[in-house]
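Here are the chains, one letter per residue:
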Amino acid sequence: MYLREKLKQLLGLGFAAGDQGVIETVNAEHKSLAEIKASLGLPPDATPEQVKERLQALKAEHEELMGLKGTWEAREEEELAGPTQWQALYKTEDWLAVWIGFLIIGIFLMGFTLATPKFKWTLGSEFQGMVVENAPVVDKLVQQAAQKDEIALAEQLLALKSAMDTKNRKAIGSAAGKVEDAAKKAKDAGLKKRAGDLGKEVKSEAGNLADKVFAWDNIQKALWIGVAYLIISIIAMAMMGISIGQFIAGFPFVFVIAWVAQFLAGNYTILYFGLEYVLWCLFLGLLISNVIGFPEWLMPAVRTEFYIKSGLVILGSRVLFGEIIQAGAYGIVQAFLVVAVIWYFCFWLCRKLQVDDEFGAMLSSAVAICGVSAAIATAGAVKGDPKKLSYVTSIVLVCAVPMMVLMPIISKAVGMPDAVAGAWLGGTLDTSGSVVAAGALISETAMKVGVIVKMSQNVLIGVAAFILSVVWAFKGAAVGEKPSLMEIWYRFPKFVLGFIVASLLFSFMLSPKTINAVKGTLNHLTVWWFALAFTSIGLETRFVDIARMGGGRPALAFFVAQGINILWTLLLAYLLFGGILFPAFKF
């Protein structure tokens, strides 16, 4: 009786348990013991000593595995921590963009020359329309030349008029070239400029044939640039640890799309309406990604930020402090007031609409400073989400098209002074190309003032990037702590540093002769980097993703802020350039 009660106690059964309950419990325990032995890889009749030895061996193996796990986790943490500061100089996208930009600038400063492809083309009907439009101008110039005894110029202008009557494109181009040459010898400065500009324009358009764009020699020039960019990019991808196989496969497709976009943008009518290449790059990319489909295995060549960062470093060579200061302080004052007020308003509005601060900072910089370039610099400073950046760049370019067309029409309709109109365009349109195109639809003065204001805003890219780096470093610091200088340095986008260095170099260290010798080629190469970048933006943007992102609140914030930007900039343009606060601006 005692043994039965002892067994119940060992099995954890109460004293009231019956014999059947004891039997079932013993069977269950026996079965569990058998399963344990089987899981340990031991036979059913294994002794307790064998079980104990097996458990000790498993414990030793477990400790060894935990040690290896610790090593793996340490390595993983080291990899996630990213490269060291020294490794960052040759392993991160920002620094590689800086070195690429400096390399390209340095090569051409050392005297290397490059024949760049041509993309301008004018259809026969477009050329004849331009001839008809300019016929009254030629008649007027003939009269002025006769009145001022510019006999040689008057004769060439009459010859151009006769050629226009024949509608022979080649003859018109030849006669226009002679007008340009004769204008150089004219004594009257005004007549010299007007006749020279006319002759140059007509001669140029007469020679802008689509056949020349598709000529093998011209295509070969583009191919050489493509090969050079591919080699540079492959080296950069390898340095960043990115697989280059799929990049090599995809790059030619991105490059061809960028070429087609530049070809479309080179048409005479399209140029007249200011629909520049970046819009065509975006449109073709969006068409392919949202309608046709772009294979996923080609996507490694879609490197938006790498392309545009490399282009922005070279773009610094075009932002010359001397030209901005020489043109007057009006543009600088307007640029500062637009950026300060509109940036704060847009950021405030984003918070009110519950758009996160990272997204809000990119939207605010895009509206207030200079569109896509500023948004990318801001994304670098706040370590922004690439998907949000694609959203911002797409919405900027979509908004730019109607503004670029409507604003010149409005300025003319209300009789706005040319300088005021130019300042308005320069402070609101988000790319220098769109400012030039829209300004040219008004007047040369409007175009020049617009470019001055836009260049003044471009200078503030570096300032904004630095301020945002500091602010976001403080945001990321623990409560009660101050971020280190290294944290601020880590956040500051290094390609903006390259942009600033290039601008300072061309502003203060190089002669005008040297700058004039290289600026055309550098500008063309910048266009290629931007063409690849905006094509990539289109290829990686899905309308479905944009519609879902933020429930439409980021787009609402952007459009409202852009509307306020248009009104605020117009007010400043009148106050600064319209003769209200200061004497009316004149060149």
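You'll find the structure just up there.
Residues numbered from 1 in each chain as written. Predicted model: local features only at pLDDT ≥ 70, side-chain atom pairs only at ≥ 80, totals over all residues. Heavy atoms only, no water.

With respect to the overall build of the protein
For the protein, the count of helices and strands is 28 helices and zero strands. Taking all 587 residues of the protein together, the buried fraction comes to 47%. Expressed as a percentage of contacts within the protein between residues at least 6 apart in sequence, the contacts between residues at least 24 apart total 75%. Element-wise, carbon and sulfur atoms account for 65% of the exposed surface of the protein, whose accessible area totals about 29,700 Å². (Helix = DSSP H or I, 4+ residues; strand = E, 2+ residues; numbered from the N terminus. Buried < 20%, exposed > 50% of the residue type's maximum accessible area, 1.4 Å probe, protein only. Contact = heavy atoms within 4.5 Å. Areas by Shrake-Rupley, 256 points an atom, 1.4 Å probe, with all protein chains shown as cover.)

Let's talk about the packing of helix H11 (residues 216-239) against helix H12 (residues 245-265)
The description of two packed helices rests on the angle between their axes and on the distance between the axes. In contact at an axis separation of 11 Å, H11 and H12 are set at 140 degrees when each is read in the N-to-C sense. Taken together, the axes of H11 and H12 lie oblique to each other. The two elements H11 and H12 meet at a crossing, and its hand is right-handed. Contacts from Ala-222, Ile-225, Gly-226, Tyr-229, Leu-230, Ser-233, Ile-234 and Met-237 in H11 reach Phe-247, Ile-248, Phe-251, Phe-255 and Trp-259 in H12. Split by residue class, the contact of H11 with H12 holds 11 nonpolar, two polar and no charged. (Axes fitted to C-alpha atoms, helices over the stretch in contact; angles between N-to-C directions. Parallel < 35°, antiparallel > 145°, perpendicular 65-115°, else oblique. Left-handed = near helix turned anticlockwise from the far one by under 90°. Nonpolar A, V, L, I, M, F, W, Y, C, P; charged D, E, K, R; others polar.)

Considering the pattern of salt bridges
Close approach of charged atoms allows side chains with opposite charge to pair. With the rule as written, the count across this model stands at 12 salt bridges. Residue Asp-356 is joined to Lys-388 by a salt bridge in which the shortest nitrogen-to-oxygen separation is 2.9 Å. Of this pair, Asp-356 sits in the loop between helix H17 (330-352) and helix H18 (357-370) while Lys-388 sits in helix H20 (residues 386-413), and the two are 32 residues apart along the sequence. For Asp-356, a relative accessible area of 33% corresponds to the partly exposed category. Overall, Lys-388 belongs to the buried group, its relative accessible area being 15%. (Salt bridge = Lys/Arg side-chain N within 4 Å of Asp/Glu carboxyl O.)

Section: H12
An ideal rise of 1.5 Å per residue puts 30 Å on 21 residues; H12 measures up with 32 Å between its terminal C-alpha atoms. The largest bend in H12 is about 30 degrees, located at Phe-251, with the proline Pro-252 one to four residues further on. Here H12 has its buried residues at Phe-247, Gly-250, Phe-251, Val-254, Phe-255, Ile-257, Ala-258, Trp-259, Ala-261, Gln-262, Phe-263 and Ala-265. (Expected span 1.5 Å × (residues − 1). Bend = angle between axes of the 7 residues up to and from the residue.)

Details of the packing of aromatic side chains
Under the definition given, this model contains 21 aromatic pairs. Measuring from centroid to centroid gives 4.8 Å for Trp-121 and Phe-263, while their planes differ by 5 degrees, and the two rings are stacked. With Trp-121 in the loop between helix H5 (93-109) and helix H6 (124-147) and Phe-263 in helix H12, the pair connects residues that are 142 residues apart, well separated along the chain. Just as Trp-121 is buried, Phe-263 falls in that class too. Their ring planes at 5 degrees and their centres at 4.5 Å tell us that Phe-255 and Trp-528 sit as a pair that is stacked. Placement of the pair is Phe-255 in helix H12 and Trp-528 in helix H26 (residues 512-540), with a sequence separation of 273 residues. Taken together, Phe-119, Trp-121, Phe-214, Phe-247, Phe-251, Phe-255, Trp-259, Phe-263 and Trp-528 form an aromatic cluster joined through their ring pairs. The side chain of Arg-169 reaches across the aromatic face of Phe-127, ending 4.9 Å from its centre. (Phe/Tyr/Trp six-rings, centres within 6.5 Å; stacked < 30°, edge-to-face > 60°. Lys NZ or Arg CZ within 6 Å of the ring centre and 35° of its normal.)

Describing the nonpolar core
Phe-251, Trp-528, Trp-529, Leu-532, Phe-534 and Phe-577 are the most contacted members of the largest nonpolar core, which has 136 residues in total. Take this core: its biggest share by element is 14 residues, from H26. Each residue touching Phe-251, except ones within four places of it in the same chain, is listed here: Gly-226, Tyr-229, Leu-230, Ser-233, Ala-301, Tyr-307 and Leu-532. Among the nonpolar cores identified, the runner-up in size contains 26 residues, and Val-131, Met-164, Ala-175 and Val-179 belong to it. (Core = buried A, V, L, I, M, F, W, Y, C linked by side-chain atoms within 4.5 Å.)

Some remarks on the side chain of Arg-169
Considering the arrangement of structural elements, one finds Arg-169 in helix H8 (residues 169-184). Although Arg-169 is buried, it makes no salt bridge; Glu-205 carries the closest opposite charge, 6.0 Å away. A polar atom in the side chain of Arg-169 sits 2.9 Å from the backbone oxygen of Thr-122. In terms of polar contacts, Arg-169 uses its side chain to reach the backbone carbonyl oxygen of Ala-206, at 3.1 Å. The contacts of Arg-169, once residues within four sequence positions are left out, are Thr-122, Leu-123, Gly-124, Phe-127, Glu-205, Ala-206, Asn-208 and Leu-209. (Lys, Arg positive; Asp, Glu negative; His and termini not counted. Polar contact = N/O pair within 3.5 Å; in protein donor to acceptor, adjacent residues only side chain to side chain.)

Topic: the side chain of Ser-233
Mapped onto the secondary structure, Ser-233 falls in helix H11. With relative accessibility at 0%, the residue Ser-233 sits in the buried group.

A few points about a nonpolar patch on the surface
A contiguous nonpolar surface patch, about 600 Å² in accessible area, is contributed by Tyr-90, Trp-224, Val-227, Ile-231, Ile-235 and Met-239. No other element matches H11, which puts five residues into the nonpolar patch. Relative to the helices and strands, Ile-231 is located in helix H11. On the basis of relative accessibility, which here comes to 46%, the residue Ile-231 falls in the partly exposed class. (Patch = residues over 30% accessible without salt bridge, like charges linked within 9 Å, V, L, I, M, F, W, Y side chains within 5 Å.)

Examining unusual backbone geometry
A positive phi angle, close to 60 degrees, is found at Lys-167, a residue other than glycine. Mapping Lys-167 onto the fold places it in the loop between helix H7 (151-166) and H8. In this structure, Gln-354 takes a positive phi of about 65 degrees despite not being glycine. Mapped onto the elements, Gln-354 comes out in the loop between H17 and H18.

Some remarks on H11
Because each turn of an α-helix spans 3.6 residues, side chains separated by three or four positions end up pointing in the same direction. With 24 residues, H11 should reach 34 Å at 1.5 Å per residue; the first-to-last C-alpha distance of 34 Å fits that figure. Those residues of H11 not exposed but buried are Asn-218, Ala-222, Ile-225, Gly-226, Tyr-229, Leu-230, Ile-232, Ser-233, Ile-234, Ala-236 and Met-237. Where the residues of H11 are buried, they touch H5, helix H10 (210-213), H12, helix H15 (304-315) and H26. Looking one or two residues beyond H11, the residue adopting positive phi is Gly-241, at roughly 80 degrees.

Focus on the environment of Trp-568
Relative to the helices and strands, Trp-568 is located in helix H28 (residues 553-577). Of the residues examined, Trp-568 reaches a relative accessible area of 24% and is grouped as partly exposed. Taking the C-alpha atoms as reference points, Trp-568 and Val-338, separated by 230 residues in sequence, lie 7.4 Å from one another. Among all residues touching Trp-568, those that are not within four sequence positions of it are Leu-337, Val-338, Val-341 and Ile-342.

Things to note about the state of the cysteines
Applying the stated criterion to the full structure yields zero disulfides. Between Cys-350, a free cysteine, and Cys-346, which holds the nearest cysteine sulfur, the sulfur-to-sulfur gap is 4.2 Å. Taking the relative accessible area as the measure of exposure, Cys-350 reaches 1% and is therefore buried. (Disulfide = S-S within 2.5 Å.)

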